Amino acid sequence: MIVTLTPNPSVDHALVIDELERGEVLRAADARLDAGGKGVNVSRALAANGAETVAVVPVGGHQGHLLADLLGATGVSHRDVPISGAIRMNVSVLEPDGTTTKLNEPGPVLSEAETRAMVDATLSAAEGAAWVAVCGSLPPGVSTDVYSDLADGVRARGARFVVDSSGAPFLAAVATKPNLIKPNHEELAELVGHDLPTLRDVLAAARELVTSGIEIVAVSLGADGALLVTEGDAAHAQAKVTTPVSTVGAGDCMLAGLLHGLASGLPISEALVGGVAWGSAAVALPGSSVPTPDDVRRVAPALSPELPLSLELGH
Ligand SMILES: Nc1ncnc2c1ncn2[C@@H]1O[C@H](COP(=O)(O)OP(=O)(O)OP(=O)(O)O)[C@@H](O)[C@H]1O
Ligand SMILES: O=P(O)(O)OC[C@@]1(O)O[C@H](CO)[C@@H](O)[C@@H]1O
């Protein structure tokens, strides 16, 4: 069982347009709503592939009701923590060449009591779980100290602690030495404090974090696939997507596939290939849609026989 906590969930509103032009009235050709926020997406992807998961979410306001309805419609088990503020509506603007622009709200202010209730709900869901993944930004009012409470509580219950975030909260979370982190290329550069132009640089940065006490560093690299590093191992995998539609949530689906593989006892390289398959399958789907097993079967992920260390990333 994999538990997710999304401290700052959203309803994701995706709009399909021809071309993003500042200062113009743009008519959307299509639009869709999905339950969103990084941990919610991880749980949605797991549930869509038949894996056991519970999503813990603070819920308030009209969007909160909508989030609960959307989650219910997709069959995802969720534990709602009532809050007085309204959760976010985040907008994604999707162009035909696959370019995705995101506009994310800050989210509601959470009181200390609401933050405590969110931690307690997560720790109660963590009883008997294999992994607990805390994903995405922190809403205003939530101190980064929340990560040490969560890390200690999750470990005390025998589960493994995963974090995916960005900026200062990610730095604070990394200081708790999670069992697994999933930065993307930019977030890893932020964590180590310098640019990482090639896969060789990404490997060195991931090894630095592993040496500091993090068991597994999984770096998602967009179209360049993903690199997974542990103390004794490093693996790279990639899958081509001919027509990218929306990259929103691809990193979350990659994390979901990876955790599913690890929870099923796969060796890390096979779990990585599964993660890349789920992430790449998500890129071929609209909005924040998560892939089903049929979608995953349509992509052909490949483990690199040797690490392509000279690969220049993002080209
Ligand atoms: N253009 C692409 N072509 C093929 N696969 C892709 C592409 N973009 C992303 N992927 C797949 O999705 C995974 C996650 O992508 P990425 O590194 O962009 O995540 P992210 O920045 O965390 O995304 P998000 O925050 O939207 O969830 C990659 O590891 C890769 O497997
Ligand atoms: O603002 P955060 O919490 O960093 O990210 C939130 C978000 O952009 O991440 C998901 C995609 O990964 C979306 O479902 C959601 O809107």
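Everything numeric here is computed off the predicted structure, so don't read it as measured data.

**Brief notes about the sheet that holds strand β12 (residues 226–229)**
If you walk across this open sheet you meet the 10 strands as β5-β4-β1-β8-β9-β10-β11-β12-β13-β14, and the pairing is mixed. Of all the strands in the sheet, the pair left with one neighbour each is β5 (77–82) and β14 (302–303). Relative to β12, strand β11 (residues 216–220) runs antiparallel, the two being bridged by four bridges. Opposite S220, over in β12, you have A226 as the bridge partner.

**Some remarks on the site of ligand 2**
Taken together, 15 residues lie near ligand 2, and D12, K38, K102, S137 and D252 sit nearest. S10 places a polar side-chain atom, nitrogen or oxygen, 3.4 Å from an oxygen atom of ligand 2. At 3.0 Å, a backbone N or O of G37 approaches an oxygen atom of ligand 2. Calculation on ligand 2 without its partners gives an accessible area of 400 Å², and the protein chains cover 90% of this total. The pocket occupied by ligand 2, as judged from atoms lying within 2 Å of grid points, is the largest pocket. Broken down by secondary-structure element, the contributors of at least two residues to the shell around ligand 2 are β2 (10–16), α1 (38–48) and β6 (88–94). Split by residue class, the shell around ligand 2 holds one nonpolar, nine polar and five charged.

**With respect to the UniProt feature "domain: Carbohydrate kinase PfkB" (unreviewed entry) in the protein chain**
Per the UniProt record, "domain: Carbohydrate kinase PfkB" (unreviewed entry) is annotated on residues 10–293. With 39% helix and 23% strand, residues 10–293 has its two end C-alpha atoms placed 25 Å apart.

**Description of the site of ligand 1**
Near ligand 1 there are 22 residues, and of these K182, N184, S220, G222 and G225 occur at the shortest range. Backbone polar atom of L221 to an oxygen atom of ligand 1: 3.5 Å apart, as the coordinates give it. The separation between an oxygen atom of ligand 1 and a polar main-chain atom of T247 is 3.3 Å. Protein burial of ligand 1: of its 640 Å² of free accessible surface, 85% is covered by the chains. When atoms are counted within 2 Å of each cavity's grid points, the one that captures over half of ligand 1 is the largest pocket. Residues belonging to the shell around ligand 1 are distributed by class as follows: 10 nonpolar, nine polar and three charged.

What counts and how
Residues numbered from 1 in each chain as written. Chains lettered and ligands numbered in written order. Predicted model: local features only at pLDDT ≥ 70, side-chain atom pairs only at ≥ 80, totals over all residues. Heavy atoms only, no water. Pairing = 2+ DSSP bridges. Helix = DSSP H or I, 4+ residues; strand = E, 2+ residues; numbered from the N terminus. Near = heavy atom within 4 Å. Polar contact = N/O pair within 3.5 Å; in protein donor to acceptor, adjacent residues only side chain to side chain. Areas by Shrake-Rupley, 256 points an atom, 1.4 Å probe, with all protein chains shown as cover. 1 Å grid on protein atoms, 1.4 Å probe; cavity = no way out; pocket = protein on both sides within 12 Å on 5 of 7 lines; lining within 4 Å. Sits in = over half its atoms within 2 Å of the grid points. Nonpolar A, V, L, I, M, F, W, Y, C, P; charged D, E, K, R; others polar. UniProt positions renumbered as here; feature names shortened; annotations may be inferred.

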